[in-house]
Amino acid sequence: MSTSNNGWETVIGLEIHAQLSTNSKIFSGSATAYGAAPNSQANLVDLAYPGVLPVLNGEAVRMAVKFGLAIGAEIAPRSVFARKNYFYPDLPKGYQISQYELPIVAKGRMEIVLDDGSRKTIGITRAHLEEDAGKSLHEGLPRQSGIDLNRAGTPLIEIVSEPDMRSAKEAVAYLKKIHTLVRYLEICDGNMQEGSFRCDANVSVRKFGAEKFGTRAEIKNINSFRFVEKAINYEVERQIDVIEGGGKVVQETRLYDPDKGETRSMRSKEEANDYRYFPDPDLLPVEIDPAYIGEIKATLPELPDEKAARFVLAYDLSQYDATVLTSSKELGAYYDDVVKALAGEKLPSKEQAKLAANWVAGSLAAALNEHNLEITGSRIDAKRLAGLLGRIVDNTISGKIAKDVFEAMWAEDKSCDEIIEARGLRQITDTGAIEKAIDEVMAKNPGQLADYRSGKDKLFGFFVGQVMKATGGKANPAQLNELLKKKLAG
Amino acid sequence: MHTFTLAELAKKLRAKEFSVTELTRALLARVEASQPRLNAFITVTAESALAQAKAADRALADGKAGPLTGLPLAHKDIFCTSGVKTSCGSKMLDNFVSPYDATVVEKLNAAGMVTLGKTNMDEFAMGSSNETSWYGPVKNPWNPKLVPGGSSGGSAAAVAARVAPIATATDTGGSIRQPASLCGVTGIKPTYGRVSRFGMIAFASSLDQGGLISITAEDAAMVLGAMAGFDTRDSTSVDTPVPNYVAELDKPLTGLKIGLIKEFFDTGLDADVEKCIREALGVYEKLGATLVEVKLPALPLSVPTYYVVAPAECSSNLARFDGVRYGYRCQDPKDLMDLYKRSRGEGFGAEVKRRIMTGTYVLSAGYYDAYYLKAQRVRQLINQDFKRAFGEVDVLMGPTAPDVAFEIGAKSSDPIQMYLNDIYTIGANLAGVPAMSIPCGFVRDLPVGLQICGPHFAEAKLFNVAHAFQKETDWHRRLPADFAKEVLS
Amino acid sequence: MSLNRDQINSIAHLARLSLTDAEVPVYQDSLSKIVDLVGQLDAAQTAGIEPMAHPLPGLAQRLRPDTVTEKDQHELFQRNAPQVEAALYLVPKVIE
C-alpha cells in the first residue's frame, strides 16, 4: 500500500495493447513487418477502399485464446466484433473494428509479487481482439501530417485490468508480468520501442477509506516500464495538488511527455467521445468450441509462474532467483539446460542449483548486458557454462579463478578445461604444496607473524592474501584457511 | 436484335446469326442514343466492350465459349470495376477509378460477358426514384416525366428500353424490385449471402445484396448461376453450392402453395394495382397453385425498422469517405476538421447526408437501446413472421410497390413519402430472404410488378414460379414505344 | 418529437458534415419526421426477443489462414489520393 501521500490512496487500472505476432493482418492478407516503406503494407482492406470487406485471421483468434487460457480466464463461446466510430486520419474506415459487449476473453487474473515478498492478485476484466491504427507523421512537413497505414489492421489484444493496483510499483510489476507472459506464449514480441507492447494507465486518487473511486485520468503513450512508473507518480502528485488546491480532477485523456517528465491534457481526443458502438455487420460472431480450446490448452508452454514454482520446488531456489530466471522463456530454458548438464540425470543439489542461478543471473547476465545480447545470442551456451560450473564443484578451480575462465570462454570458443590447462589455472589441492607456500610467506614476514601471534587476529587476511599471491590464486581456499590457521598458531 | 432475351441472344450468337461484335456495336449505339432521353448510364465502356466482344467472338469460333460468352450486360455503378470510374452515383467518387474488380464483375468477366457500361443510380443506393444521383435523374422509358424507381433506376431503365438485355443491380430495401416494377422488367434480389458483396460499395451491410434486372426470369437464372457463390473475401458470403437454376425452370407448379401477404393488401395499395395483382394471381391458380392468405403481423413495422438499421449501418460505412485516401476533397481545407466537414458536406448529396445524420443520431449515446437495439428486436419479429409463413406456404406473393411510377419531383421534398415506396420490399431485406418482381400488367399505361418471395436459398423456386408465369403471359415482352425500333433516332 | 437546431448541429459535427445555414432547418424538419416514423417501434412488444444483427442466424465467422497474400501496390492505390508525398497521404497538421 502506498501511504506516503498524506492519506491519499492511488488507484490504477491498466489497458495494455499487445500486437499479436501474426504474419498477416487481422482482417487482410497484408504483411505486418515493422519498419517497411510507408504504405507498402497497406492493401485495399487496410486503406478502407470502397467495397472491401474484412475476413478474420484465425491465428489472431488462436493467440487471444492462448492468452485467455494463460490468465485463467473465461473464453467466450461466442464473441462479437463491434465498430468503434470516430474520425481520425490514421483510422481509414472511420471506425475501428474492436470488441465491445462480447469480448473473446473475460475474467482473468494475474498474480504479482510485491516488494515485501507478499503476493497480490490483479483482476483482468477482459481481453479483446481489435485492429491497430496507422501512424501520423509530423516531422519534415510544414503545416501537414503524413499518414502511413502500414500499421493499420495489425492485430492487437487489448488487456484491460481491474482498478486493482495501488501504486506505480504495482502497476509496473503487473505490466512486466503481462509482458513476460505474452512473450512466453509467443503471441507478441513485446518490443516497447517499436510499439508492439503499449500501455495506457487509468489513474485516480482518493482518501484512504473512501468507498468511491476518484475521477480518473487516462494517460496514453507510455512506452517503457520506467515511464509507466514516472508517469503514474507524476499524475498522482498532480491530482493530489489539484484536489488539495481546492480544484477538481477532470476526466480526460492525458499524454505522457517523457522529455519533460509530465502528463498534459490531450484536447484533440477530448471532444465528442461518442463512439456509437454497434455490432459489425461485415463480420459474423466468432464461435469457439471446447475442442478448439482443448487443442490450444495442450500446446500451452510452461508458464512463467509455473516455471518459477518448479524452480523453487525442484531446485530449492529462492522466490527471488526463480522470478529473475523466469523473466523470459529463453532465460528459463537456458537455466534449466545448465542445471541439467551440471547434474545429469539426477536432481541437482541445492548448491548446484544455486551456483547455476548465481552464474546465469550474475556473470552471464552482466556479459550479455555489456554486449547488448539476448540470452539466445550468448557466446557461452548452457553446456559450456555447465562445464565451467562443474569445475568449481569438483574443486578444479575456485570461484574467483572461474570468473577469469568465464571471460576467456566468452572471448574464445574453447572449453573451460582447455582454458584451465592452457593457462595452468588448476587449483592447488596438494597439502604439501600449500604448506610449502605458507612456510615461505611466514619466513618472509617475521614482523607480521610476531604481531599476529601477539593477538593481532586481523592479520590473518594478510597471510591469506600473501599465500594466494604466491600460488597465483590457485590454492584451494578452504584448505588454505585450515592449514594457515594451524601453522600460524605455531 | 435489341428485343431478344439473353437466352435468345445466346442461341442466335451460336447459330452465327450475328456476331458478338455486331451485337455489341448495335447496343452501344442504343446506349448512346438513349442517354439524352434516359440518362441510364454514368459511364459507357465502349472500347473495352468491343475488346471483350472480339475475344468472345474468337472463343465462340474456337469452340471455347461458355454459356454466357458474348452476352452483353451493364453493371450498376456500385460495383467496382478495375480501371473504370466507379462513382456510386456520387460527387464524392466522381474522380474515383477503382483499382480492382468486384467479385461479381470478376465472375461475369470470366464467364465471357461483355460489359457495356456502368448504370446510373441513386447516390450510394439511397433513394427510390433515382433522383438523388449526382449525375441527374434517370427517366422512366415508359414516360420520361416519370421516375424509373430506385436505387437501381439506371439498370431497370436500360433493360426496359432494351439498351442492355440484362444488368446487375443491388437491393438494400427494394432497390432491385421497385425499379423493376416501375419499369416493367424482371428483378431478383437473392438471399442475403448468396452473391458476394466484395467490391459492391456498401450502403447497409446487413441488408445489401447484389442481384439482377433482366427481361425474363430465365435470363436472370442463367446469369445468377455464374454470379452467385461462396467468396472467401466476404465473411457474410454463404458456403452453399449454387444449384443449376436453369434446370429447374420448367418444373410444373401443381400443388404450389402461394401465401398472400394480408398486410400488403390492407394499406396504401392503389386499387387498380391491386386489381392487376389479383388477376396475376388468377394465372397462378390456373397453373395449379393454391392461394392462401397469410399474416405477417410485424411486417408493417418494416419501414421504421429499416430506417433505423439502414441509416445506422450507412453512417458507419460512409465514414471512410473523408477526403484523405481517395474521392472528393474540398478546396484549401484550413485544418483537419475543415477537411473532413467540407469534403463530406460538399461531396455527399442531401439524401445521403440525411441518412448519415439519422444513423449517427440513432447510434449515439443514450439512444442506442431505444432505437438500434429495439429495431434489431423488431427485425427478429419480422424474421420470425417470414419463417412461420414459409412453414405454411412455398412462396409469398403481393405487390412490389404500392403504385405505378410517379412524377419526377413529386416526392423528392418529403422523405417519408419516398420511404413508403419501399413498404412492400423492405421485409425481405430485413429477413434476408430472396424476392423477385415480375411484370404482371399495366395500370394507366404503366407497368405493375408482382412480388414473389421465398425462403432462404429458394432462388431456383422463385425462377421456376416466375418463369411459369412468363410462359403464360407476355407483359415482360412489352416494350416502350419510344424504344421499339432497333435504331434509335 | 422534434429535434432542435443544436441537436442537428451536434449530429452533423459528430458525422463530420458541414451544413449551410439553409440546410439546418431542412434537416431539422426531416429528421424530426424520421424520428417520429421510427418511433412506431415503441409500440412493438419485444420483451425476450433476441436482437437480430444479421439475416443469417446460426452462421459463425469463418477464419482465414495467417498467410501474407498482398504485395506492395501503393503506387496504384495512391493514384486516387488527393495529396501524397513520399508515399504518405497528406492531411492538414494533426494536433495531439
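Our subject is the structure listed above.
Residues numbered from 1 in each chain as written. Chains lettered and ligands numbered in written order. Predicted model: local features only at pLDDT ≥ 70, side-chain atom pairs only at ≥ 80, totals over all residues. Heavy atoms only, no water.

Draft legend 1. Structural context of the overall build of chain B. Helix and strand counts for chain B come out as 16 helices and eleven strands. Here chain B has a C-alpha radius of gyration of 21 Å; the compact-globule value for 489 residues is 23 Å, and the two agree. Within chain B, the proportion of its 489 residues that are buried is 69%. Here the analysis covers contacts within chain B between residues at least 6 apart in sequence; of these, 76% occur between residues at least 24 apart. Accessible surface for chain B amounts to roughly 14,400 Å². Of this, 52% is attributable to carbon and sulfur atoms. In chain B, 52 positive and 52 negative side-chain charges are present, and the distance between their average locations comes to 2 Å. (Helix = DSSP H or I, 4+ residues; strand = E, 2+ residues; numbered from the N terminus. Rg over C-alpha atoms; globule rule 2.2 N^0.38 Å. Buried < 20%, exposed > 50% of the residue type's maximum accessible area, 1.4 Å probe, protein only. Contact = heavy atoms within 4.5 Å. Areas by Shrake-Rupley, 256 points an atom, 1.4 Å probe, with all protein chains shown as cover. Lys, Arg positive; Asp, Glu negative; His and termini not counted. Charge placed at Lys NZ, Arg CZ, Asp CG, Glu CD.)

Draft legend 2. Molecular detail of the sheet that holds strand S10 (residues 144-148) of chain A. As summarised here, the arrangement of the four strands in space is S9(A)-S10(A)-S3(C)-S2(C), forming an open sheet in which the pairing is antiparallel. Looking at which strands have only one partner, the edges of the open sheet turn out to be strand S9 (135-137) of chain A together with strand S2 (84-85) of chain C. Judged from the two bridges that link them, S2 of chain C and strand S3 (residues 88-92) of chain C form a sheet pairing that is antiparallel. Note on S3 of chain C: the bridge partner recorded for Val84 of chain C is Tyr89 of chain C. (Pairing = 2+ DSSP bridges.)

Draft legend 3. Structural detail: the packing of aromatic side chains. Within this structure, the stated rule accounts for 36 aromatic pairs over all chains. Each ring, one from Tyr49 of chain A and one from Phe77 of chain C, has its centre 6.0 Å from the other, and the planes form 50°; the classification is tilted. With Tyr49 of chain A in the loop between strand S1 (8-19) and strand S2 (56-57) and Phe77 of chain C in helix H3 (residues 74-77), this residue pair bridges two chains. Accessibility assignment for this pair places Tyr49 of chain A and Phe77 of chain C in one class, buried. Ring geometry for Phe442 of chain B versus Trp475 of chain B: centroids 6.0 Å apart, planes at 50°, classification tilted. Note that Phe442 of chain B is positioned in strand S10 (residues 435-443) and Trp475 of chain B in the segment after helix H16 (459-472), a separation of 33 residues in sequence. Given a relative accessible area of 24%, Phe442 of chain B falls into the partly exposed group. Its relative accessible area of 24% is what places Trp475 of chain B among the partly exposed residues. Between the NZ or CZ atom of Lys403 of chain A and the centre of the ring of Trp359 of chain A, over which it lies, the distance is 5.7 Å. (Phe/Tyr/Trp six-rings, centres within 6.5 Å; stacked < 30°, edge-to-face > 60°. Lys NZ or Arg CZ within 6 Å of the ring centre and 35° of its normal.)

Draft legend 4. The interface of chain C and chain B, seen in detail. Of the residues lining the interface, 50 residues belong to chain C; the matching set on chain B comes to 68 residues. Summing the contributions of chain C and of chain B, the shared interface buries around 5,100 Å²; its carbon and sulfur component is 68%. When residues of chain C are sorted by the area they lose upon contact with chain B, Leu41, Met52 and Asn80 of chain C head the list and together hold 14% of the total. Taken together, the links from chain C to chain B amount to one salt bridge. The residue Lys353 of chain B makes a salt bridge to Glu23 of chain C at a minimum N-O spacing of 3.0 Å. In this structure, the connection of chain C to chain B is made through 19 residue pairs in polar contact (both at pLDDT 80 or more). Within the residue set of the side of chain C that touches chain B, elements represented by two or more residues are helix H1 (5-14), helix H2 (23-38), H3 and S3 of chain C. If one sorts the elements of the side of chain C that touches chain B by residue count, H2 of chain C sits on top with nine residues. Among the residues making up the side of chain C that touches chain B, the classes are represented as 33 nonpolar, eleven polar and six charged. (Buried area = accessible area lost by both parts, 1.4 Å probe. Salt bridge = Lys/Arg side-chain N within 4 Å of Asp/Glu carboxyl O. Polar contact = N/O pair within 3.5 Å; in protein donor to acceptor, adjacent residues only side chain to side chain. Nonpolar A, V, L, I, M, F, W, Y, C, P; charged D, E, K, R; others polar.)

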